[in-house]
Amino acid sequence: MAPEAEKAVLGAILLDQRLPETPIDKSLFYSQSNREILDAIQDIVADDEVIDPVQIAERLRQKGRLDSIGVPYIASLTDGAIRSNLDASLRMLIDTAAKRGVWLAASRAAEDSLNGKGSEEIIAELKTKIDRISAPARTRRWPDPLPLPIGRARAPRLDPNIIPEPLRPWLEDIANRMQVPLDFAAVPGLVSIATVIGSKVRIRPKKRDDWTVVPNLWGAIIGDPSLLKSPSIEQATRPLRRLIANAEEKHREQLKQYEIDKEVDDIRRKEIAKEIKQAIEKGEDASDLRDQLGEALQPPSEKRYLVNDATVEKLGDLLAQNQNGLLLFRDELTGWLKTLDRENNANERAFYLEAWNGGQPYTYDRIGRGTTKIPNTTMSVIGGIQPGPLSAYLEAANAGAAGADGLMQRFQLAVWPDRVAEYAHVDEWPNAEAKNRAYRIIECLDEITIRDERFRNREDSYLYLRFDDDAQELFDAWYTDLQQRIRASHLDPAYVSHLAKYGSLFASLALIFHLVDVACGQQIPDVSLDAAKMALNWIEYLEGHAKKIYGLQVAEAGERVKRLAEKLEAGKVESGFQVRHIQQRRWAGLTKAADIYEVLNILVDCNWLEVRQEEGLIRGARPKTRYAINPKVIRA
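Quick notes on the rules
Residues numbered from 1 in each chain as written. Predicted model: local features only at pLDDT ≥ 70, side-chain atom pairs only at ≥ 80, totals over all residues. Heavy atoms only, no water. Buried < 20%, exposed > 50% of the residue type's maximum accessible area, 1.4 Å probe, protein only. Helix = DSSP H or I, 4+ residues; strand = E, 2+ residues; numbered from the N terminus. Pairing = 2+ DSSP bridges. Contact = heavy atoms within 4.5 Å. Phe/Tyr/Trp six-rings, centres within 6.5 Å; stacked < 30°, edge-to-face > 60°. Lys NZ or Arg CZ within 6 Å of the ring centre and 35° of its normal. Patch = residues over 30% accessible without salt bridge, like charges linked within 9 Å, V, L, I, M, F, W, Y side chains within 5 Å. Areas by Shrake-Rupley, 256 points an atom, 1.4 Å probe, with all protein chains shown as cover. Salt bridge = Lys/Arg side-chain N within 4 Å of Asp/Glu carboxyl O. Lys, Arg positive; Asp, Glu negative; His and termini not counted. Charge placed at Lys NZ, Arg CZ, Asp CG, Glu CD. Disulfide = S-S within 2.5 Å. Core = buried A, V, L, I, M, F, W, Y, C linked by side-chain atoms within 4.5 Å.

A. Here's a closer look at the pairing of strand β2 (residues 218-222). Summarising burial for β2: five of the five residues are buried, a large majority. Residues W218, A220 and I222 of β2 are buried on one face, and the alternating residues G219 and I221, pointing to the opposite face, are buried as well. As defined by bridge partners, β2 adjoins strand β7 (residues 379-385) across five bridges and the pair is classed as parallel. Paired with I222 across the bridge in β7 is I385.

Written out as structure tokens, the structure is:
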């Protein structure tokens, strides 16, 4: 019946001193008294007089209806009304009258059915009545709904031709046998090679400047669960694991020899110590004997390439012993990132940020552990991650929170390839020739030392190359364009921060591609134009993936828009709903108010919804935000 809404409409007319532009149909009122009051108001407006309770009472008195309605009721019309709530109250009347009319029509149809009227005739009459009843709600002409911005951007496909030819057959064979995108093999393969090169060979990208880049890489394979991310990484890092096995065997042999040498040295040191004691007792100078004593033999350290999980302090010890750098391999990067997010791990996070740069010294001073000096703090990283956890970190980076320190942007080789459309069962022997060729190249890279005479440029602890003239010209033009793009960009800060690190990425990739071609040769010339062009192709490919990755929030919103749009089309939501009504349904991705508001704003912009501020029917009540559904989007 909506009696409060009827009183609110009449009270708002009194306060606003006007009738709605669209004439009010008296049939909307359930109360006969309110219908008669509306008649009186319409007569007052027609006579161009002031709308007030006295005039209304006089008009009703003239019709002999004042006593049955009562002056107190007329005086109370404005008690629960406020200015500007006329439209909200009128909408409630329209909705209530429509529901009441449908109920009455359905009751009449049921009565006709019991009286033997035919079903087709009943349905036709019922449809006519319902169309007439709902006409007031359809007086507004809704615009046509616009297409929704849903779905994620497609990532560019990795062209096999931009993989160095010596590695291409090996990586293509892995991708084919596992039926995964080529990206899943290529990225960890390149990160493994970057680990072997480490900090011992670097590149100076400018012709005269001493800006030096260490070619360590951070890579991330992004994809849904069960897409064989981890097995792909394991296959592509097998050359590194062969080096690890060789190093372990060599270390075992060194330990055996150390035990023999130590036994002999211990006997020698005991004899010398005995002579020193005798010399001191005789008052003789024992300095020569002390020089002969020397330092005790230390056990040999094992050459390491890879770690899976280590504290920063232990990692510091390993890096101090392995100055070329290490690879951190995490099956799922989510656990590592969550660890670094903890407040008490701020120092660990800072350490990894430093280790990405590579080649810089780092000193630990810890009570109990003493001082650890790392000459070259160089770490590469590889692992897999799912889109959901990644979204949270990108959101933190965009919001300027803890994740805004550039940690995620250091994953320059982050790729999110589209799914392989179909699975074809492949059961073949690995391409041994291609694998052995790739393994041999990686062994050649591992054998490079600071004393390698094939390099003409060297510093105290590393070798370095520059671009040749043609490659330098290409890099200078590209780098200038990159810096201009960054300075003129109005894009998302997190994405711009990612692009800003492409300068070192170009140089790193060009050096890696060049060394893959020449590492086993007799000479090591400057970085070639071919290697620079291949690096440029990779930059364009990786930027395409970065657009997909850093558009993740928009993409996730698009998925939520799609989900709610389907509910609207299917009639699962009633027009005039509020945000809480969506939250209560607990639909996936639509449980947080902020996410729902984001989706609703998009649907409003696309003409699927109309936002309405509904004034309360009680004086001083807060207005309610409701969303009306465009009837054109509903299927049924």
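B. Molecular detail of the environment of G358. Its location among the elements puts G358 in the loop between α15 (346-357) and β5 (360-366). In this view, G358 contacts V214, N216, T377 and T378; residues no more than four positions away in its chain are not counted.

C. The arrangement of the packing of aromatic side chains in detail. For the coordinates displayed, the defined rule picks out 19 aromatic pairs. On the basis of an interplanar angle of 45° and a centroid distance of 6.4 Å, the ring pair of W478 and Y479 is categorised as tilted. Note on F513 and W538: the rings are 6.2 Å apart at their centroids and 45° apart in plane angle, and the pair reads as tilted. Of this pair, F513 sits in helix α20 (residues 502-518) while W538 sits in helix α21 (residues 529-550), placing them 25 residues apart in sequence. A cation sits over an aromatic face here: R202 above Y462, 3.8 Å from the ring centre.

D. How the structure looks around the side chain of S508. Structurally, S508 is set in helix α20. With residues up to four places along the chain from it excluded, the contact list for S508 reads V213, V214, P215 and L217.

E. Up close: a negative patch on the surface. There is a patch of like negative charges on the surface, built from E284, D285, D288 and D291. Structurally, the position occupied by D285 is in the loop between α11 (238-281) and α12 (287-293).

F. Focus on the state of the cysteines. In this structure the tally under the stated criterion is one disulfide. With its sulfur 2.1 Å from that of its partner, C444 forms a disulfide with C520. Around the S-S axis, the bridge from C444 to C520 shows a dihedral of about 110° and counts as right-handed. Separated by 76 residues along the polypeptide, C444 in helix α17 (residues 432-447) and C520 in the loop between α20 and α21 bring together distant segments of the chain. A relative accessible area of 5% means that C444 is categorised as buried.

G. Molecular detail of the nonpolar core. Ranked by size, the top nonpolar core spans 117 residues in total, and within it W336, Y352, L515 and W538 carry the most contacts. Discounting residues that sit within four places of it in the chain, W538 has contacts with L158, I162, I163, A186, L190, L509 and F513. Core analysis: the next-biggest nonpolar cluster, separate from the first, contains 25 residues, L14, F29, I51 and I69 among them.

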